[in-house]
Amino acid sequence: MGHDATDSGGDPVVRAIASAHGVLPDQGPIGVFIHHNTLHAYQHLPFHQAIQAGAARIGARAYMPEADFRDAFRRGRIGTVDLDDALKAALGRDGDVALPLGLTRRTLRRALLTEAIDGVDVPGLEWRIRNGPSPVLPDEALWHAACARVAEGPAPSPVPGDAPRRHRDVLVACGAADPDIDVTHELVLLASAFLDQGQAVVALPGREHGFLAAVSALFAAGAHVPRACRGAEEDFRRIAIERTPAHAVIVGALDALGVPDSDRMEFVLATALALPGWGGMFSRLERHPSENRAGCPASLEEFLAVRFVLDRHAVPRAAADAGLPATWELLKARQPVAAQPGRSSAAFLLWGLARAAGAGPDAVRRLGGEDLAALWREVAAFTANERGRVWLEAYEGRYRRAVLGAVAQRRSQPAPDGQAAAQFIFCIDEREESIRRALEEQDPGFRTFGAAGFFGMAIDYLGLYDEEPAAHCPVVVTPAHEVHENPLYTERDWHARRAGLRERWHGTERAISRWSRSLTGGAGLSLVLGPFAGAIAASRVLAPRGTHSLRERLSEALAPRPDTRLGGLRTDAAEVRPPLGKPLGFSLSEATDRVSGVLRSIGLVRDFAPVVVVLGHGSTSLNNPHESAHDCGACGGRRGGANARLFADLANRADVRSALRTSGIDIPDGTWFVGALHDTADDGVTCFDLDTMPPSCAPAFDRAVRALEVARRLSAQERARRFDDAPLGLDPDSALRHVESRAASLAQPRPEYGHCTNAVAFVGRRAMTRGIHLDRRAFLVSYDPSDDPGDLLLERILAAVGPVGAGISLEYYFSSVDNDRFGCGTKLPHNVTGLLGVMNGHRGDLRTGLPLQMVELHEPMRLLLVVEASVDSLLAVAARQPGVLELVKNEWIQLVSVDPTTGRMQRFHDGAFHDCRVDADPLPMVRRSVDWHGACRDFVAPALVLDGLGIDGGRP
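Residues numbered from 1 in each chain as written. Predicted model: local features only at pLDDT ≥ 70, side-chain atom pairs only at ≥ 80, totals over all residues. Heavy atoms only, no water.

**Looking at the pairing of strand 18 (residues 894-898)**
Counting buried positions along strand 18 gives five out of five residues, so the element sits mostly inside the fold. Neither face of strand 18 is left uncovered, since the one carrying Gln894, Val896 and Val898 and the one carrying Leu895 and Ser897 both have all their residues buried. Pairing between strand 17 (residues 864-867) and strand 18: four bridges, direction parallel. Across the sheet, Leu865 pairs through a bridge with Leu895, a residue of strand 18. Where strand 18 and strand 19 (residues 905-909) come together, three bridges link them in antiparallel fashion. Paired with Val896 across the two strands is Arg907, which belongs to strand 19. Between strand 18 and strand 19, which pair antiparallel in sequence order, lie six residues; one of them, Gly903, sits at a positive phi of approximately 80 degrees. (Buried < 20%, exposed > 50% of the residue type's maximum accessible area, 1.4 Å probe, protein only. Helix = DSSP H or I, 4+ residues; strand = E, 2+ residues; numbered from the N terminus. Pairing = 2+ DSSP bridges.)

Next comes the structure, spelled out in structure tokens:
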């Protein structure tokens with residue numbers, strides 16, 4: 001991991017690059033976007049310590065702005081009891097330490113948290129004071145006393161600024177030109193041409209020899225560097241001739257810039273972080289070459305070598321123009337000192353503290369110098385990071401109390417019993433919570449389950465028209481099998497003709513695209529095809545749903561897709577397919593093990609319904625570079641339809657069922673599994689292989705399909721209330737049309753909000769949460785603790801759900817608290833670059849993280865993981881799973897144990913499990929979900945939905 005660079009020897013450059021591999025963003029090419037912990041290199045540290053250190057390293061916020069927390073406190077999103085609990089946990093007995101003015105450490109910190117008394121806009125305050133009564137100063141006598149006392153001193157200590165890490169930091173602080181501007185522009189052009197995955201007409205020549213060699217050859221052939229970097233071309237020519245290695249280039253540049261050995265590790269690491277997106281992509285592709293479709297050898301060290309060649313010329317020129325030294329040791333001494341806080345801000349702070357203590361003007365005037373200094377020290381000790389820590393603990397505590405209170409009260413309600421009419425297995429994704437709830441509200445006989453969306457089918461999948469197989473499984477899993485989609489024997493001739501038509505069509509598109517970028521072709525095509533292309537683009541903006549429907553109908557009429565099957569089961573165990581060299585399909589025993597594993601993990605081993613619908617999920621949208629971030633994370637950022645289809649196919653096979661019976665799972669002959677895909681953008685549901693269903697199962701399936709039709713409309717209705725451009729109070733049909741239009745619109749920056757509502761994950765029987773309105777905020781993982789001797793199923797589930805859920809939660813957390821640094825900003829100026837990612841404009845950094853349009857609704861909290869298992873079981877599993885143990889012990893997730901027998905709830909905190917505080921107020925009860933969320937755009941608190949519980953009576 002990047003946090004441990006000591007194994008790299010004593011060379012500071014080597015150590016810095018080893019550390020940079022861990023600190024730089026670890027996002028791969030955007031086409032396979034996978035959610036992960038943004039600060040993965042710090043995961044070995046306790047959460048608060050880690051995010052504060054990681055944020056400081058890259059100059060970002062670690063927590064939401066205090067103004068947002070204060071607003072949440074005023075709205076009741078944070079309760080008084082939650083803030084007091086958080087302060088008590090942070091201070092312990094030190095909270096009662098007495099301070100001047102009758103304050104205690106707790107009351108002082110509470111005043112700093114709830115009242116904006118030390119972050120005041122000083123110029124605005126002084127203007128209001130000069131120009132009349134100020135609404136923030138109702139007690140003018142106290143204000144004048146505070147002003148007089150502050151004038152006598154002592155003054156608060158200045159807030160220290162960040163230490164400079166590179167020449168650029170000091171130069172900009174001293175008013176010099178920023179040398180990074182020209183260096184960055186040139187470096188981005190070179191990096192994007194080198195790493196291009198197929199978007200560029202011409203990639204960087206010679207890139208098969210590496211970045212440094214290719215760039216050096218380019219400038220040796222006569223290319224020009226920016227004016228600010230003049231002289232660098234001579235260095236590159238010399239590197240090309242002498243074939244100087246990257247390490248020697250970096251060391252030479254550090255010598256030229258006067259960076260001593262003692263500063264070199266920090267200096268090189270800061271340089272790597274100066275362009276974190278591109279540096280992170282070089283690092284990622286160096287460590288995961290399979291993701292690099294360009295095939296060129298990516299190297300972070302070579303990327304930094306090219307940068308240092310440019311820096312060693314740009315920095316001295318900027319320094320000379322400003323009359324500053326270029327040597328690092330001399331330049332550091334010119335760093336401006338931190339400014340002293342103004343008297344008005346200090347007086348306002350003292351005034352606010354006196355008000356919090358209930359002290360009058362006389363008490364303020366009598367403050368001795370040491371007493372005032374003591375107050376300033378206490379204020380300074382309560383840093384912005386420490387305040388953020390307390391606020392976050394209170395913010396999480398309020399939500400935790402509400403959710404656990406709902407679970408506690410749910411236990412007193414009966415669970416639906418009787419024969420299941422239909423069963424639905426969904427991915428654990430929190431976006432499926434609403435459609436599951438909508439199904440269960442229709443009939444107590446509808447039972448839903450949650451499993452990781454690859455459904456135990458870790459495969460390299462080759463769709464009918466895919467160029468090459470792609471892994472459909474979690475990124476931490478390496479598939480051992482390939483599965484192909486094949487046309488039916490009777491459809492093979494048509495498939496061959498259709499494939500030829502597709503190839504000719506796409507070849508024409510590629511030719512037109514290349515021609516459009518030529519001097520004459522661009523003008524000619526604009527005249528000939530411009531009106532036609534403009535009309536198509538306008539239709540996709542003005543009538544997206546109708547345009548999409550028309551295209552689908554035309555495609556089906558002119559070139560219908562042939563019927564296919566998946567080759568899931570093989571008969572020849574030695575059969576492989578080059579180049580991956582993996583078996584095509586599963587053997588009978590492998591298929592049985594995988595079907596059995598999923599069914600046992602979700603607790604579906606008996607009482608099968610006549611039809612079991614297995615729904616993978618994906619997302620469809622236009623003009624959305626982050627589309628794969630909306631797909632199934634358990635499928636490696638791809639759609640889960642193939643996995644669901646394969647699972648259903650194997651579960652329906654007579655030989656697999658016969659083998660399952662020997663292991664104790666008897667699937668009746670009257671039960672049929674149906675694979676399906678749920679599109680979370682337009683709420684469409686597509687079922688596969690229906691022609692293989694026995695006629696005897698058709699009535700039960702028809703009933704299930706009718707229920708899904710209702711459920712997807714209700715889900716769309718619940719989702720639509722979060723979109724500002726959707727009128728409140730849409731009926732289900734109108735809501736469905738609205739989300740279908742969003743998914744098909746060329747101009748829509750928010751086709752869906754993705755995981756922005758994620759907050760909690762439940763692992764347990766559905767009875768724990770069925771009937772609770774969880775507002776699409778819950779990952780729902782099915783697990784039956786009564787059928788898991790040895791906690792083996794629990795271990796398998798937590799080993800997957802813990803890291804995956806934490807990765808999603810933490811990426812949303814960081815992209816929310818500082819979208820400029822951890823996220824990628826608004827989508828509107830984004831340009832896709834090299835099929836790698838997005839940039840703002842054409843010469844910016846490669847933006848990583850999530851766009852603003854995916855996180856603007858998110859409440860940044862750590863994932864609350866609620867597991868129906870005893871404390872002993874959880875401790876035993878964590879001891880066997882280092883990945884889970886690290887997340888739990890360092891509190892990157894909030895782990896809560898719900899005892900399966902007693903219902904006792906305990907949270908892991910400060911190294912041990914402690915009883916949880918839960919809301920004791922009666923939970924609101926409604927007949928249907930829509931009666932609770934109604935026409936509200938905000939998050940709603942948990943409530944009991946009587947139709948979901950299968951209760952006819954009760955309080956509406």
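**Considering the pairing of strand 17**
Burial along strand 17 is two-sided: Leu864 and Val866 facing one way and Leu865 and Val867 facing the other are all buried. In terms of strand pairing, strand 12 (residues 760-764) meets strand 17 through four bridges, oriented parallel. Of the residues in strand 17, the one forming a bridge with Ala761 is Leu865.

**Some remarks on the packing of helix 4 (residues 80-91) against helix 20 (residues 384-410)**
Their axes nearest at 8 Å, the elements helix 4 and helix 20 cross at an angle of 130 degrees. As the angle between them shows, helix 4 and helix 20 are arranged oblique. Between helix 4 and helix 20 lies a crossing whose hand is right-handed. Along its contact with helix 4, which presents Val81, Asp82, Leu83, Ala86, Leu87 and Ala90, the element helix 20 presents Val390, Trp391, Glu393, Ala394, Gly397, Arg398 and Arg401. Class assignment of the residues belonging to the contact of helix 4 with helix 20 gives a composition of eight nonpolar, one polar and four charged. (Axes fitted to C-alpha atoms, helices over the stretch in contact; angles between N-to-C directions. Parallel < 35°, antiparallel > 145°, perpendicular 65-115°, else oblique. Left-handed = near helix turned anticlockwise from the far one by under 90°. Contact = heavy atoms within 4.5 Å. Nonpolar A, V, L, I, M, F, W, Y, C, P; charged D, E, K, R; others polar.)

**Details of the confidence of the model for the protein chain**
Across the protein chain, the average pLDDT comes to 90, with 95% of residues at 70 or higher. Scored below 50 in pLDDT, residues 1-8 makes 14 contacts in the model with residues more than four places away or belonging to other chains. (pLDDT = per-residue confidence, 0-100.)

**Quick notes on the sheet that holds strand 17**
Pairing in this open sheet of six strands is mixed, and the strands run 14-12-17-18-19-20 from one edge to the other. Unpaired on one side and paired on the other, strand 14 (778-782) and strand 20 (912-915) mark the two borders of the sheet. Going across the sheet, the axis of each strand differs from the next one's by a mean of 25 degrees, ignoring polarity.

**Side note on the packing of aromatic side chains**
Under the defined criterion, the tally for this structure stands at 22 aromatic pairs. Geometrically, the ring pair formed by Phe47 and Tyr813 is edge-to-face, given 6.1 Å between the ring centres and 75 degrees between the ring planes. Linking Phe47 in helix 2 (residues 47-58) with Tyr813 in helix 30 (residues 792-817), this pair joins segments that are 766 residues apart in sequence. With relative accessibility at 1%, the residue Tyr813 sits in the buried group. Taken together, Phe47, Tyr813, Phe814, Phe822 and Trp892 form an aromatic cluster joined through their ring pairs. When the ring centre of Phe939 is taken as reference, the NZ or CZ atom of Arg777 above it lies at 3.8 Å. (Phe/Tyr/Trp six-rings, centres within 6.5 Å; stacked < 30°, edge-to-face > 60°. Lys NZ or Arg CZ within 6 Å of the ring centre and 35° of its normal.)

**Comments concerning helix 25 (residues 588-602)**
End to end, helix 25 covers 22 Å across 15 residues, agreeing with the expected 21 Å (1.5 Å per residue, within 8%). What helix 25 keeps buried is the set Ala591, Thr592, Val595, Ser596, Gly597, Val598, Leu599, Ser601 and Ile602. Two residues or fewer past helix 25, Gly603 is found with a positive phi of approximately 80 degrees. (Expected span 1.5 Å × (residues − 1).)

**Describing the pattern of salt bridges**
For the structure on display, the rule yields 67 salt bridges. The salt bridge involving Asp311 is made with Arg307; its shortest N-O contact spans 3.3 Å. Highlighted residues: Asp311 and Arg307, both in helix 15 (residues 300-321), separated by four residues, approximately one helical turn. Taking the shortest distance from any N to any O, the salt bridge between Glu440 and Arg766 comes out at 2.7 Å. Pair noted here: Glu440 is in helix 21 (residues 433-442) and Arg766 is in the loop between strand 12 and strand 13 (772-773), with a separation of 326 residues, a long-range link. Here the two residues Glu440 and Arg766 agree in accessibility, since each one is buried. (Salt bridge = Lys/Arg side-chain N within 4 Å of Asp/Glu carboxyl O.)

**Here we look at the sheet that holds strand 11 (residues 685-687)**
Ordered by their spatial adjacency, five strands build an open sheet running 2-1-9-10-11, and the pairing between neighbours is mixed. Since the sheet does not close on itself, it has two edges, and those belong to strand 2 (446-451) and strand 11, each with one partner. In this sheet, adjacent strand axes meet at a mean angle of 25 degrees when their direction is disregarded. Where strand 9 (residues 611-618) and strand 10 (residues 672-679) come together, eight bridges link them in parallel fashion. Paired with Val612 across the two strands is Phe673, which belongs to strand 10. Its contacts with the sheet place helix 21 against strand 1 (422-427), strand 2 and strand 10, and it is angled at close to 160 degrees to strand 2.

**Details of the nonpolar core**
Grouped together as the largest cluster of nonpolar side chains are 200 residues, with contacts concentrated most on Leu195, Phe211, Trp278, Phe303, Leu350 and Phe762. Sequence-distant contacts of Phe762, that is, excluding residues within four places in its chain, are made with Val403, Val407, Met768, Thr769, Leu774, Ala778, Phe779, Leu780, Val781 and Val866. With 32 residues, the next largest nonpolar core counts Phe455, Met457, Val656 and Phe673 among its residues. (Core = buried A, V, L, I, M, F, W, Y, C linked by side-chain atoms within 4.5 Å.)

**A few points about helix 3 (residues 66-75)**
Phe69, Arg70, Ala72 and Phe73 are the residues of helix 3 that are buried. All buried residues of helix 3 fall inside an arc of 155 degrees around its axis, so they share one side. For helix 3, the exposed residues set more than 90 degrees away from the buried face come down to Ala67, Arg74 and Arg75. Positive phi appears at Gly76, one or two residues downstream of helix 3, with a value of about 90 degrees. (Arc of directions from axis to C-beta.)

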